[in-house]
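Close look at the chain arrangement
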Amino acid sequence: MANSTASAKRDGFSSALGVLAATLGSAVGLGNIWKFPALTGSNGGAGFLLIYLCATLVVGLPVMIAELTLGRHARANPIAALKRMGPPGRPWWLVGVIGMIAAFLIMAFYSEVVAWVFAYVWKGLEGSALSSDPAVTQGAFTALVSSPWQSLLWQWVVLLLIGGILLKGVSGGIEAVTKRLMPLLFLLLTALCLYSLTLDGAGAGLSFLFRPDFSKVDATVVLTAVGLAFFKMSIGMGTMMTYGSYFRTEQNIPLTAGRVMCADLAVSLLAGIAIFPAVFTFGFEPAAGPALLFITLPAVFAQLPFGQLLMVLFFVLTSIAAIGAMLSLLEVPVLILHERLGWPRHKAIGVCVAVVAVLGAACALSGSVLAGFLLFGRNMFELMDFVSSNVLLPVGGILVALFAGWVWGKESFTHAVSNAGELGNTRLARVLVVLLRYVSPVLILIVMLHGLGVL
Ligand code: TRP
């Protein structure tokens with residue numbers, strides 16, 4: 001069977017630093033800024049952190065390494081990769097199809113949250129939405145969410161920007177952009193952290209984040225930690241397989257994945273250190289999700305010296321984090337259409353952006369025109385989030401782990417992960433195979449059944 005051929009001209013990342021920036025760019029996203037700090041604070045601080053670290057090491061890292069290795073070995077999109085590497089006639093390539101569907105669903109709601117972030121950069125520049133009264137900031141956010149045109153237009157801005165970057169290709173677009181943005185992200189974040197630590201609420205903020213409260217740690221907390229590890233590392237839908245297909249042959253995959261894991265964790269911790277001291281200084285409740293970002297923080301900024309500047313910097317920082325994640329999400333279906341249907345890249349990008357715009361409109365409008373339209377008790381925004389995070393990603397993750405551990409097998413996996421023995425990491429590879437075969441699938445299955453309310 002003629003699968004898409006990995007032509008000699010296939011685009012890819014051009015330097016070790018570029019690989020790191022792009023992969024880290026995918027992992028770092030909205031998850032670091034409002035998921036991680038809030039979940040850590042409300043689930044027992046340092047206790048949760050410890051469990052999250054274990055989950056990242058035991059589930060996240062092995063699956064990430066597996067996806068990158070499979071992708072690099074096949075040098076193709078996830079569907080073609082699994083078709084080529086699996087036994088003939090077995091439908092393992094469906095995992096790539098599930099991944100593509102998940103990518104579209106995640107982008108539909110993720111792009112709308114990014115749209116709000118972009119809108120808040122604008123509002124920051126204007127000085128609107130900045131008030132010490134949370135009722136006023138709440139009103140500003142509600143006005144944005146319930147305006148169909150504002151929601152749609154900002155989403156289109158996001159999609160055009162991401163599509164435009166992808167038009168420049170893998171090394172000229174994804175790599176060039178993330179290589180510049182990632183250092184800027186660390187710079188801005190560190191500056192905001194240092195500022196935040198000078199505030200009166202620093203002690204209370206840090207103790208919210210780090211005080212170990214093991215009495216809060218129960219089964220649900222463990223499951224939350226595993227779920228977060230999974231989402232944070234962009235695994236379970238072929239993102240890392242796609243990026244792996246752009247990795248250089250001599251790249252040390254376990255080392256790269258380990259560095260991405262550490263840097264991603266650092267971004268999460270710094271975000272928490274930047275946010276909570278400020279929140280506690282003014283006696284606010286550390287709310288989670290959109291409320292923290294779009295309602296509480298503007299009220300905090302309004303009371304700080306240079307508040308308007310801080311607001312702009314904070315939302316620029318969040319935009320940067322979100323751009324790298326969006327690039328990695330959109331690249332998955334773009335590469336599939338490009339390689340499998342032979343479409344030129346610009347056509348694949350145009351079609352994918354249009355599909356996301358249509359699905360995304362359902363999410364963008366779920367705060368206004370479609371507010372009353374519920375399926376299974378959820379609006380479109382919530383439904384796409386739920387189906388992708390709780391069904392498609394875990395299913396994809398389990399199947400990738402099983403494929404790498406059992407189907408592709410120990411020998412091939414060890415050979416590929418050690419760069420044909422050159423890295424001398426066979427003992428590590430052996431541990432990874434055990435994790436992929438037994439530990440990850442079981443843990444992910446438990447998390448998934450819990451997410452679906454079966455357990
Ligand atoms: N990791 C990103 C974040 O934390 C989100 C993300 C990007 C993602 N690509 C993904 C999540 C693929 C799951 C699968 O915001």
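As a starting point, this report considers the structure included with it. The numbering scheme is per chain: residues are counted from 1 as the chain's sequence reads. Reporting in this predicted model follows two pLDDT cut-offs: at least 70 for local features of residues, and 80 or more for side-chain atom pairs to be given and counted; totals over whole chains, interfaces and linings ignore these cut-offs and use all residues. To get the side-chain values, all heavy atoms of the structure are used, and hydrogens and water are removed first.

**Focus: the site of the ligand**
Note the following rule: Whether a residue is near a molecule or strand depends on its heavy atoms: it is near if one of them lies within 4 Å of it. We call two N or O atoms a polar contact when they sit within 3.5 Å, provided that within protein one can donate a hydrogen and the other can accept it, with sequence-adjacent residues counted only if both atoms are side-chain atoms. Here, Shrake-Rupley sampling with a 1.4 Å probe gives the accessible areas, and only protein chains in the shown set may cover a residue.
Around the ligand there are 15 residues in total, and A27, G31, Y110, F231 and K232 lie nearest to it. Y110 is positioned with one of its side-chain polar atoms (N or O) 2.5 Å from an oxygen atom of the ligand. Within the contact set of the ligand, an oxygen atom lies 2.6 Å away from a side-chain nitrogen or oxygen of K232. For the ligand, whose free accessible area comes to 360 Å², the fraction covered by protein is 100%.

**As for the packing of helix α2 (residues 30-42) against helix α12 (residues 253-281)**
Cut-off, in case you're wondering: Note on geometry: axes are lines fitted to C-alpha atoms, helical ones only across the stretch in contact, with angles between N-to-C directions running from 0 to 180 degrees. Going along the chain from the N terminus, every DSSP run of H or I of four or more residues is numbered as a helix, and every run of E of two or more is numbered as a strand. Any angle that is under 35 degrees is reported as roughly parallel, and any over 145 degrees as roughly antiparallel; angles of 65 to 115 degrees are reported as roughly perpendicular and all others as oblique. Here a residue-residue contact requires only that any non-hydrogen atoms of the pair lie within 4.5 Å. Only Asp, Glu, Lys and Arg are considered charged, only Ala, Val, Leu, Ile, Met, Phe, Trp, Tyr, Cys and Pro nonpolar, and every remaining residue, Gly among them, polar.
Contact geometry of α2 with α12 gives a least axis separation of 8 Å together with a crossing angle of 70 degrees. The angle between the axes of α2 and α12 places the two elements in the roughly perpendicular class. Within the contact between the two elements, α2 uses N32, I33, F36, P37 and A38 and α12 uses D264, V267, S268, L269, A271, G272, I275 and F276. Within the contact of α2 with α12, the residues separate by chemical class into nine nonpolar, three polar and one charged.

**Side note on the nonpolar core**
Generally speaking, nonpolar side chains in soluble globular proteins are found buried as a group. This is how the line gets drawn: Residues belong to one nonpolar core when they are buried, are Ala, Val, Leu, Ile, Met, Phe, Trp, Tyr or Cys, and are joined through side-chain atoms within 4.5 Å. Relative accessibility under 20% of the residue-type maximum defines a buried residue, over 50% an exposed one, and the middle range a partly exposed one, all with a 1.4 Å probe and only protein chains included.
Ranked by size, the top nonpolar core spans 160 residues in total, and within it F13, Y120, F314, F315, M326, L330 and F413 carry the most contacts. Discounting chain neighbours no more than four positions away, the residues touching F413 are I65, A66, T69, A404, W408, A429, L432, V433 and L436.

**Describing the packing of aromatic side chains**
Filter applied, for reference: Stacked, tilted and edge-to-face are the three classes assigned to paired rings of Phe, Tyr and Trp, where Trp is represented by its six-membered ring and a pair needs centres within 6.5 Å; plane angles under 30 degrees give stacked, over 60 edge-to-face, the rest tilted. Criterion for a charge above a ring: Lys NZ or Arg CZ within 6 Å of the ring centre, and within 35 degrees of the ring normal.
With the rule as written, the count across this model stands at 22 aromatic pairs. Between the aromatic rings of W408 and F413, the centroid separation amounts to 6.3 Å while the plane-to-plane angle is 80 degrees, which identifies the pairing as edge-to-face. Each member of the pair, W408 as well as F413, carries the same accessibility label: buried. Grouping aromatic residues by their ring pairs yields a cluster made of F109, W116, Y120, F141, F294, F301, F314, F315 and F381. A cation over an aromatic ring shows up here: K35 above the ring of F231, its NZ or CZ 4.7 Å from the ring centre. When the ring centre of Y120 is taken as reference, the NZ or CZ atom of K123 above it lies at 5.9 Å.

Fair warning: the whole summary comes from geometry, so function is off the table for now.
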